[in-house]
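Okay, here's what each chain looks like letter by letter:
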Amino acid sequence: MKRGMGWNGVLALTLGFAFIYAPILLLILFSFNDSRLVTVWGGFTTRWYQGLASNEALMSAAWNSLRVGVASATIATVMGALIALALARFGKFRGRGALAAMAFAPVVMPEVITALSLLLLFVAIDLDRGALTITIAHATFTTGFVAAIVGARLSLFDRSLEEAAMDLGASPLFAIALVTLPLIAPAILAGWMLAFTLSLDDLVIASFVSGPGSTTLPMRIYSQARLGVSPDINAVGSVLIAVVTVAVLTATVALKRAGEGERAA
Amino acid sequence: MSAPHAFGRAARFAVLSPPVVFLALFFLAPFLFVARISLSQSTRAQPPYAPQYEQGSGLEGLRAVLEGLNFENYATILSDDLYLSAFLTALRIAATSTFLLLLIAYPIAYAMARARPALRPLLLALMIVPFWTSFLIRIYAWIGILKPEGLLNQALLALGLIDAPLEILNTEIAIYIGIVYAYLPFMVLPIYAVLVAQSHDLLEAAADLGCPPWKSFWLVTVPLSAPGVAAGCLLVFIPCVGEFVIPDLLGGSETLMIGRQLWSEFFGNRDWPTASAIAVILVIILLIPFLILRRLEARGEEALK
């Protein structure tokens, strides 16, 4: 019985990955293009990157995105981890389904709906729109992602370690803080990273709940992208892709190391 | 020893109350506001809907608000061709995209699942990493590829495959390309997950009984992968229906999907009640596949036990 993927499989993967990576590679390539005509190669340059640093509107938008990303990812990580803990360790409690539905619905919900509903809430309770409202909104829609990642990790690991700690007299919360938390730390880090990148990337929700002066990076990119392709956006995009790729690879390596460590233990 | 009972009431309360309060405040309450405003009237006031609750008017004021609510926005939306066609366009494009994604993702997921175990983590990472990087930037990248003087047309002209540039950007085809591109991992990963967990014994048994590989693929592999296929389809169909960025950047002004209609009611016409009513109808439509998804997941969890 043949177990390999065969030539058809190789073909499917080659075409699939070419489709996924070609646009990204072309974008990066053309961010070094010394020509205003974006689709004609005019030689190598780094001037678009140099221009970014002096583009104040872009830099302030990036700074806004960074602050919102760090704050919202932190809130989402705390909430998501608590939800994952409750779903994984509390057995069948009243409201379990409702909690899971509330946490995971925003993950699949079309963004326009989440965005509109949060904005109407902020207007109704008279909360000024700005970095704070974007942070709350981002924390709301990324919590489910964190809960999913941490939950997956919790369902994998050996519960007897917690039980051993409790047999030796640790209270459940103490056992969780000293035994469980260190073991799921990589998943928590990965969850934080995902929440951060999702926040950094969000356009629709931020556009609804932002106020004057709280333009985020995707909002700025979007308003320029609607006017057509430009080398500046190619450069910003390449920087974003590079930053996120490095962050993701770091998180992946951390998760893998932790997994190996546990298996060895 | 059963762990659930190990947690005292205080511990449970400490763990549960922050997320419950947070989600009730920022997920549940907002929907109540959408529902309420969808029953209001559009006005030129600030905020642009009526009736408003008068501060300090107590129960009387609340009753006045409730009496002012009506279903007129829903009647308007359901009787207006513009909104109906925007809903239908969104459902049609989402359904077609889901089908295209299934056709493209299944062979990829199948090949990944059949790859050598040592190779699988690398293939998974290659599939997931682009999904983490900017969605907006990746959609934007397609503008430069698809536009008339773009890279795709240049390549096709240079190869002599076409004589004149193809008109792809600002058509529905561009929307399909964008959606398939952005949502591919959402379809590949659930299918991969069921395929990789499938036991090989079944295929070997089929082979022993004289079943040719294509037939055992069709009779064994495909039916057993149904839960992954269903999960993948719902994971892409639901967000696709409300998709805004892809049709706006790649689809031009011709194709009106309901997500864009909601956006333009809100920002263009400043008609908050109509935008809210569109959101409520959208939620009701999407609740159906969402409930199916939850059910499948519950069944999957039970099967694992």
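Residues numbered from 1 in each chain as written. Chains lettered and ligands numbered in written order. Predicted model: local features only at pLDDT ≥ 70, side-chain atom pairs only at ≥ 80, totals over all residues. Heavy atoms only, no water.

**Things to note about the overall build of chain B**
Across its full length, chain B carries 14 helices and 2 strands. Its C-alpha atoms give chain B a radius of gyration of 25 Å, more than 25% over the compact-globule value 19 Å for 305 residues. When the backbone C-alpha atoms are referred to their principal axes, chain B occupies close to 80 × 75 × 35 Å. Looking at chain B residue by residue over its 305 residues, the buried ones come to 49%. In chain B, the proportion of contacts linking residues at least 24 apart, taken out of those at least 6 apart, comes to 70%. Summing over all exposed atoms, chain B offers an accessible surface of approximately 14900 Å²; the carbon and sulfur share of this is 67%. (Helix = DSSP H or I, 4+ residues; strand = E, 2+ residues; numbered from the N terminus. Rg over C-alpha atoms; globule rule 2.2 N^0.38 Å. Buried < 20%, exposed > 50% of the residue type's maximum accessible area, 1.4 Å probe, protein only. Contact = heavy atoms within 4.5 Å. Areas by Shrake-Rupley, 256 points an atom, 1.4 Å probe, with all protein chains shown as cover.)

**Some thoughts on the overall build of chain A**
Within chain A, the secondary structure is distributed over 11 helices and 0 strands. Along chain A, helices (α) and strands (β) appear in the sequence α-α-α-α-α-α-α-α-α-α-α when read from the amino end. Each principal axis of the C-alpha distribution contributes one length, and for chain A these read about 70 × 65 × 30 Å. Out of the 265 residues belonging to chain A, those deemed buried represent 52%. Once local pairs closer than 6 in sequence are excluded, the contacts in chain A between residues at least 24 apart make up 69%. Within the structure as shown, chain A displays about 11700 Å² of accessible surface, and the carbon and sulfur contribution to it stands at 67%. Within chain A, the 14 negative side-chain charges are centred at a point lying 7 Å from the centre of the 17 positive side-chain charges. (Lys, Arg positive; Asp, Glu negative; His and termini not counted. Charge placed at Lys NZ, Arg CZ, Asp CG, Glu CD.)

**Brief notes about the interface of chain B and chain A**
If you look at the interface, chain B gives 86 residues, while chain A gives 87 residues. In total, about 8000 Å² of surface goes out of reach between chain B and chain A, with carbon and sulfur atoms giving 82% of it. It is Phe7, Trp132 and Tyr140 of chain B in chain B that bury the most area against chain A; as a group they hold 10% of the surface buried on that side. If you look at where chain B meets chain A, you find 1 salt bridge. One salt bridge connects aspartate 248 of chain B with arginine 226 of chain A, and the closest N-O pair in it is separated by 3.3 Å. Seen at the junction of chain B and chain A, the total is 9 residue pairs in polar contact (both at pLDDT 80 or more). Considering every element that reaches the side of chain B that touches chain A, the biggest residue donor is helix α1 (residues 9-38) of chain B, with 20 residues. (Buried area = accessible area lost by both parts, 1.4 Å probe. Salt bridge = Lys/Arg side-chain N within 4 Å of Asp/Glu carboxyl O. Polar contact = N/O pair within 3.5 Å; in protein donor to acceptor, adjacent residues only side chain to side chain.)

**Structural notes on helix α7 (residues 151-158) of chain B**
Those residues of α7 of chain B that fall on the buried side of the exposure criterion are Leu151, Asn153 and Leu156 of chain B. On its buried face, α7 of chain B is in contact with α1 (6-30) of chain A together with α6 (135-146) of chain B.

**Considering the packing of helix α4 (residues 81-114) of chain B against helix α13 (residues 258-268) of chain B**
Residues and elements named next belong to chain B. Interhelical geometry of α4 versus α13 gives an angle of 140° and a closest axis separation of 8 Å. One finds that α4 runs oblique with respect to α13. Each of Leu82, Tyr83, Ala86, Phe87 and Ala90 in α4 lies in contact with α13, whose residues at this interface are Ile258, Gln261 and Glu265. Grouping the constituent residues of the contact of α4 with α13 by class yields 6 nonpolar, 1 polar and 1 charged. (Axes fitted to C-alpha atoms, helices over the stretch in contact; angles between N-to-C directions. Parallel < 35°, antiparallel > 145°, perpendicular 65-115°, else oblique. Nonpolar A, V, L, I, M, F, W, Y, C, P; charged D, E, K, R; others polar.)

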